[in-house]
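Listed here are the chains, written in short residue letters.
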Amino acid sequence: MHDNNTRPIMPHTARMLDARWYIDTDIFTQEQVCLFRNRWQFVVHDSELPNRGDYVCFVVDGDDLFAVRGEDGVVRVFHNLCRHRGTRLIDGLRGTLTTASVQCPYHAWTYGLDGRLRAAPGMDKTEGFERTAHGLHSVATDSWDGHVFMHLGTSPKPLLPVLDDLPAKLGAWGMGELVPVHREAYSVAANWKMLIQNYSECLHCPVAHPQLQALSHYLSGENDPPHETYLGGRMDLRPESQSLTTTGAPLAASLPGLSSAQRRIVAYYAVLPNLLLNLHPDYMLTFRLQPRSPGQTDVDCTWYVHPETRDTPGFDPSPAVAFWDLTNRQDWSLCERAQRGVSSSAYQPGPYSNREDLLWAFDQWLLDKVGPAFR
Ligand code: FES
Ligand SMILES: [Fe+2]
């Protein structure tokens with residue numbers, strides 16, 4: 001993929017990837033190393049952890065981790081294990097550490113929200129033990145317009161240059177100001193790349209999403225040239241639609257920074273490897289993909305609005321929630337069917353349409369990053 005505006009030409013012979021890219025455990029493991037451990041990946045939106053001590057737990061490539069807002073207001077990410085004998089510290093998906101500390105349930109080693117070890121009962125007479133050397137294992141973080149990312153590798157480059165022109169492209173939506181109003185968790189029996197590929201084309205929209213097709217024509221809009229870090233573009237709302245909701249009516253007034261042209265589109269961007277962003281005139285939807293195995297992917301989906309909208313008496317996000325929950329389930333079903341098919345001994349890679357050029361671009365990106373070990 002290119003980080004300028006040149007558009008690579010998909011050859012007319014382009015076909016889908018071999019089955020092994022969707023089912024092979026060795027490839028999956030290599031993807032985790034190349035694409036998830038050694039790249040920036042999305043963790044959580046800043047507004048999901050509004051208060052100090054708010055945390056969210058997650059698992060990446062078998063590692064338990066958590067993000068927590070510190071007493072200084074900074075969101076940090078730590079490995080979720082004690083520096084004494086490795087015990088997992090925090091359970092559950094999300095919550096608030098009301099003591100402004102993390103205490104191990106085994107022998108009560110206690111850590112501050114900045115990861116420093118504050119107390120280690122029973123260690124005071126242990127020769128050579130240094131409390132300062134036993135803080136939580138921390139993970140590099142950086143953020144873009146409210147989206148907190150982490151990097152599990154060593155000495156990562158800053159996030160914003162990696163995103164290149166994307167922050168400027170999407171700045172008008174004011175994503176950092178938005179606040180969550182609903183979450184859904186899905187578990188999809190398909191490879192994570194199936195979800196990104198499904199997201200990157202709308203040829204299936206008239207067939208699978210009649211509700212979406214009624215509000216936004218599948219051939220409208222345009223894709224940006226594929227980029228090293230993101231794939232995406234826009235689709236236009238039909239003249240009679242104002243947003244993607246069960247009725248086509250908006251949830252609220254348009255987000256304050258949008259131009260008149262931006263109020264007539266929905267922007268769709270896959271920020272590789274694990275964030276999908278749907279930007280509507282009046283709300284944002286994010287998807288965080290978490291691969292679990294070659295054939296299983298967890299998806300955390302969150303709906304966000306402007307804080308004034310959330311605080312308006314009688315505000316109801318359900319027309320947007322119901323619209324995308326239905327559309328998501330339609331998509332997951334297709335991904336699961338495709339996963340079944342590529343797992344068959346009869347599967348042979350089929351030809352891409354010229355409307356599937358982003359899928360081909362994604363495949364080239366994958367082969368470039370992970371492929372050398374498997375050519
Ligand atoms: S394992 Fe955590 S305090 Fe002992
Ligand atoms: Fe779809």
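Higher on the page you've got the structure.
Residues numbered from 1 in each chain as written. Chains lettered and ligands numbered in written order. Predicted model: local features only at pLDDT ≥ 70, side-chain atom pairs only at ≥ 80, totals over all residues.

Student: Help me understand the environment of His 280, please; the structure alone is not making it clear to me.
Tutor: Relative to the elements of secondary structure, His 280 occurs in the loop between strand E15 (275-279) and strand E16 (284-293). What makes His 280 buried here is the crowd of 27 C-beta atoms within 10 Å. As a C-alpha pair, His 280 and Ser 333 span 53 residues in sequence and 24 Å in three-dimensional space. If near-sequence neighbours (up to four positions away) are discounted, His 280 is found in contact with Ser 243, Leu 244 and Val 266. (Helix = DSSP H or I, 4+ residues; strand = E, 2+ residues; numbered from the N terminus. Buried ≥ 20, exposed ≤ 12 C-beta atoms within 10 Å, placed from the backbone. Contact = placed C-beta atoms within 7 Å.)

Student: Is there a simple way to explain helix H5 (residues 192-199) in this structure?
Tutor: The periodicity of an α-helix, 3.6 residues per turn, causes residues three or four places apart in sequence to face the same way. Along H5, 8 of the 8 residues are buried, which leaves the element largely enclosed by surrounding structure. Every buried residue of H5 is listed here: Trp 192, Lys 193, Met 194, Leu 195, Ile 196, Gln 197, Asn 198 and Tyr 199.

Student: Would you take a moment to explain the sheet that holds strand E14 (residues 265-271) for this structure?
Tutor: Strand-to-strand pairing in sheets goes through backbone hydrogen bonds, with the strands running parallel or antiparallel. Judged by pairing direction, the sheet is antiparallel, and its 7 strands sit side by side in the order E11-E17-E16-E15-E14-E13-E12 without closing on themselves. Pairing within the sheet leaves two strands with one partner each, and these edge strands are strand E11 (179-188) and strand E12 (222-223). Where E11 lies against strand E17 (residues 296-305), 9 bridges are found, and the strand directions are antiparallel. Residue pairing for E17: Pro 180 is matched across the bridge by Tyr 304. (Pairing = 2+ DSSP bridges.)

Student: How should I be thinking about the packing of H5 against helix H9 (residues 318-342) in this particular structure?
Tutor: Axes are the key here: two packed helices are described by the angle between their axes and the distance separating the axes. Close contact between H5 and H9 brings their axes to 10 Å; oriented N to C, the two are set at 125°. The orientation of H5 with respect to H9, classified from their angle, is oblique. Taken as a pair, H5 and H9 cross one another with a handedness that is right-handed. In this structure, H5 contributes Met 194, Leu 195 and Asn 198 to the contact, and H9 contributes Asp 331, Leu 334, Cys 335, Ala 338 and Gln 339. Looking at side-chain class alone, the contact of H5 with H9 contains 5 nonpolar, 2 polar and 1 charged residues. (Axes fitted to C-alpha atoms, helices over the stretch in contact; angles between N-to-C directions. Parallel < 35°, antiparallel > 145°, perpendicular 65-115°, else oblique. Left-handed = near helix turned anticlockwise from the far one by under 90°. Nonpolar A, V, L, I, M, F, W, Y, C, P; charged D, E, K, R; others polar.)

Student: Would you mind showing me how to read the nonpolar core here?
Tutor: Among soluble globular proteins, nonpolar side chains are generally buried collectively. Grouped together as the largest cluster of nonpolar side chains are 99 residues, with contacts concentrated most on Ala 67, Leu 195, Ala 270 and Met 284. Split by domain, this core shows at least three residues from each of two domains, domain 1 (1-17 + 169-375) and domain 2 (41-155). Setting aside residues no more than four positions away along its own chain, Leu 195 makes contact with Val 188, Ala 190, Leu 289, Thr 297 and Cys 335. (Core = buried A, V, L, I, M, F, W, Y, C linked by C-beta atoms within 7 Å. Domains from an automatic or database assignment.)

Student: Where do I start with the environment of Asp 63 in this structure?
Tutor: Residue position: Asp 63 is located in strand E3 (residues 63-69). Classification of Asp 63 as partly exposed rests on a count of 15 C-beta atoms within 10 Å. Taking C-alpha positions, Asp 63 is 37 Å from Asp 311, a pair spaced 248 residues apart along the chain.

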